[in-house]
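An overview of the molecular structure
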Amino acid sequence: MRKLRMGVVGCGAVVTIHHLPAFKRCERVELVALADRDRAWAAKVAQKAGVHEVYDDFTPMIGRVDAVLLATPNTTHAAIACRLLEAGVHVLCEKPMATTRADAERMFAASATGGGRVMAAHSARFNPNVTMLKDILAAGWLGDVQEMSGGLGSAYAVAERRTEFRREPGLAGGGVLVDLGIHLIDVAVWLAGAPPIAVDYDASCADGWCLETDCDVAIEFPRGACASLSASYTHGPDPTFTVRGTAGWAAASLYVPSQLTLFSERARICRRSGIQRLMLDDRTSYQLQLEHFADAILSDRDFVVRADEVRTDLDIIERCYEIDRARAGAARSGPSHAADAARAADTVAEGTGT
Ligand SMILES: NC(=O)c1ccc[n+]([C@@H]2O[C@H](COP(=O)([O-])OP(=O)(O)OC[C@H]3O[C@@H](n4cnc5c(N)ncnc54)[C@H](O)[C@@H]3O)[C@@H](O)[C@H]2O)c1
C-alpha cells in the first residue's frame with residue numbers, strides 16, 4: 001500500500017498533543033519531517049516522535065514530502081501554504097485556514113496553479129458524533145432543522161499552548177471568534193448545508209486583552225433554521241452541539257466525541273424507550289481527519305471540507321467583525337450610526353456559496 005509522505009510545519013501544542021498520536025496510528029501516512037521556527041524544539045519533538053528530518057523552515061520540505069500538516073499561527077498559514085501548494089505539495093491546514101476571505105482565495109488560486117490540494121482542518125466535523133449527526137440529518141430523522149446551538153471554551157490560562165500568538169492581533173488575525181468560534185460556525189454551516197441569509201454578532205474583551213475573549217454568533221439559514229453559537233476564553237460554555245428539528249433533536253458532546261444523545265420520532269431504535277445515547281467510534285477526530293486527508297489524496301477523492309464551505313465560514317467571520325466595527329463606530333458617534341449597526345446585523349451575507 002502506497003503511503004503519503006508527510007511533514008509537519010509548526011510543532012506547537014496542537015501537534016504534540018493531538019496530531020502526533022494521530023500520525024502514529026494512521027497506516028496510510030509516513031511522517032518524515034518536522035519544522036518549527038524554534039529548531040531546537042523541533043529537534044526534541046522529532047526525537048520523541050522518531051522523525052529524522054528537522055528544519056527551522058518549511059522550504060526544505062518541498063520536493064521531499066507529498067503533503068504537509070500546517071500548524072503555525074493563524075495569519076502565517078496563507079503565505080506558507082501558497083508556497084507549498086504552488087510547488088505541488090498538498091496541505092492539511094489548521095483552522096482557521098486563513099483569517100480573511102482574500103487570503104483563502106490566494107490559497108485556492110495557488111492550489112489551482114501548482115496542483116497541491118488544500119483542506120482546512122476542521123477537526124470538529126470528524127468527531128464521530130458530529131459526523132453521525134450529519135448522517136442523521138441527511139436520513140431525515142430530525143425532520144427539517146429549526147435550531148442549532150453550540151458552545152466551546154475554557155479559561156485561557158488553562159488552555160494548552162506553546163506560544164502567546166493568540167494575544168497578538170498580527171499573528172492571531174482575530175480573537176476567540178477565529179480560534180474557537182470557527183469550529184462552531186463550520187459545524188453549523190456543514191449541517192445546514194447552505195450559506196446563511198443573515199448574521200448577528202456580539203463580543204466582549206476581558207481586561208488585558210485587545211482581541212475579543214467572548215463572543216456570541218447568531219446565524220439564520222434558509223428555510224428558517226437558526227444557529228446560536230458561543231465561544232469564550234473566560235469561561236466554559238456548554239460544550240455540546242445540539243440540533244432541533246421538526247421531528248426530533250440530537251446533542252453531540254464536543255469534548256466526548258463518542259457520545260451522541262438522540263430523540264427522533266422517525267428512528268425505529270427510539271420507538272420503545274425514547275431518548276438514546278449512542279456510543280460511537282473512539283478514534284480521535286485528528287486521526288479520522290488525517291485518515292480522510294490521506295485517503296482523499298491517495299485515491300483522488302473529494303475532501304469532506306469543501307472550498308465553498310471554507311468561503312462561507314470566512315464570510316461569516318468577516319461579517320461578524322464588520323458588525324463589531326459598525327457597533328463600535330455607533331457607540332463612539334451617537335444614535336445615527338446605531339441605525340447603520342442595526343442594518344449591518346441584518347445584512348444578508350454576500351458572496352458565499354460555490
Ligand atoms: N483543530 C484544533 O482543534 C486546533 C487546536 C489548537 C490549535 N489549532 C490551530 O493550530 C495552529 C497552532 O496552534 P497551537 O495551539 O499549536 O500554537 P502554539 O503556540 O502551541 O504553537 C505554535 C508553534 O508554531 C511555531 N511557529 C510559529 N511561526 C512559525 C513559522 N513561521 N514556521 C514554523 N513554525 C512556526 C512556534 O514556534 C510554535 O512551536 C493555530 O492555527 C491554531 O488555530 C487547532
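Residues numbered from 1 in each chain as written. Predicted model: local features only at pLDDT ≥ 70, side-chain atom pairs only at ≥ 80, totals over all residues. Heavy atoms only, no water.

So, on to the site of the ligand. Contacts to the ligand come from 24 residues, most closely from Asp-36, Asn-74, Arg-162, Thr-163 and Tyr-286. Between the ligand and Arg-37, the relevant distance is 3.2 Å, taken from a nitrogen atom to a main-chain nitrogen or oxygen of the residue. Separating an oxygen atom of the ligand from a side-chain N or O atom of Tyr-286 is a distance of 2.6 Å. Surface burial for the ligand is 91%, taken as the share of its 850 Å² of free accessible area covered by protein chains. The set of elements that each furnish at least two residues to the shell around the ligand consists of α1 (13-25) and α7 (176-192). (Near = heavy atom within 4 Å. Polar contact = N/O pair within 3.5 Å; in protein donor to acceptor, adjacent residues only side chain to side chain. Areas by Shrake-Rupley, 256 points an atom, 1.4 Å probe, with all protein chains shown as cover. Helix = DSSP H or I, 4+ residues; strand = E, 2+ residues; numbered from the N terminus.)

Moving on to the packing of aromatic side chains. Applying the stated criterion to the full structure yields 5 aromatic pairs. Ring centres 4.8 Å apart and planes at 90° place the aromatic pair Tyr-156 and Trp-209 in the edge-to-face group. Linking Tyr-156 in the loop between β7 (145-153) and α6 (169-172) with Trp-209 in the loop between β8 (198-204) and β9 (214-220), this pair joins segments that are 53 residues apart in sequence. Overall, Tyr-156 belongs to the buried group, its relative accessible area being 7%. Seen from their ring centres, Tyr-201 and Tyr-321 are 6.2 Å apart, and the 80° between their planes marks the pair as edge-to-face. Linking Tyr-201 in strand β8 with Tyr-321 in helix α9 (residues 307-333), this pair joins segments that are 120 residues apart in sequence. Across the pair, exposure class does not vary: Tyr-201 and Tyr-321 are buried alike. Grouped by ring-pair contacts, the aromatic residues Tyr-156, Trp-209 and Tyr-233 constitute a single cluster. (Phe/Tyr/Trp six-rings, centres within 6.5 Å; stacked < 30°, edge-to-face > 60°. Buried < 20%, exposed > 50% of the residue type's maximum accessible area, 1.4 Å probe, protein only.)

Assigned domains of the protein chain: these are domain 1 (4-121) and domain 2 (144-245). Taking only C-alpha atoms, the centre of domain 1 and the centre of domain 2 are 25 Å apart. Facing 14 residues of domain 1, the contacting portion of domain 2 comprises 13 residues. Here domain 1 and domain 2 share an interface that buries about 1,000 Å² over both sides, 61% of which is from carbon and sulfur atoms. In this structure, the connection of domain 1 to domain 2 is made through 3 salt bridges. For the salt bridge of Asp-38 with Arg-162, the shortest nitrogen-to-oxygen distance reads 2.8 Å. Put simply, domain 1 and domain 2 have 6 residue pairs in polar contact (both at pLDDT 80 or more) between them. Grouping the constituent residues of the side of domain 1 that touches domain 2 by class yields 6 nonpolar, 5 polar and 3 charged. (Domains from an automatic or database assignment. Contact = heavy atoms within 4.5 Å. Buried area = accessible area lost by both parts, 1.4 Å probe. Salt bridge = Lys/Arg side-chain N within 4 Å of Asp/Glu carboxyl O. Nonpolar A, V, L, I, M, F, W, Y, C, P; charged D, E, K, R; others polar.)

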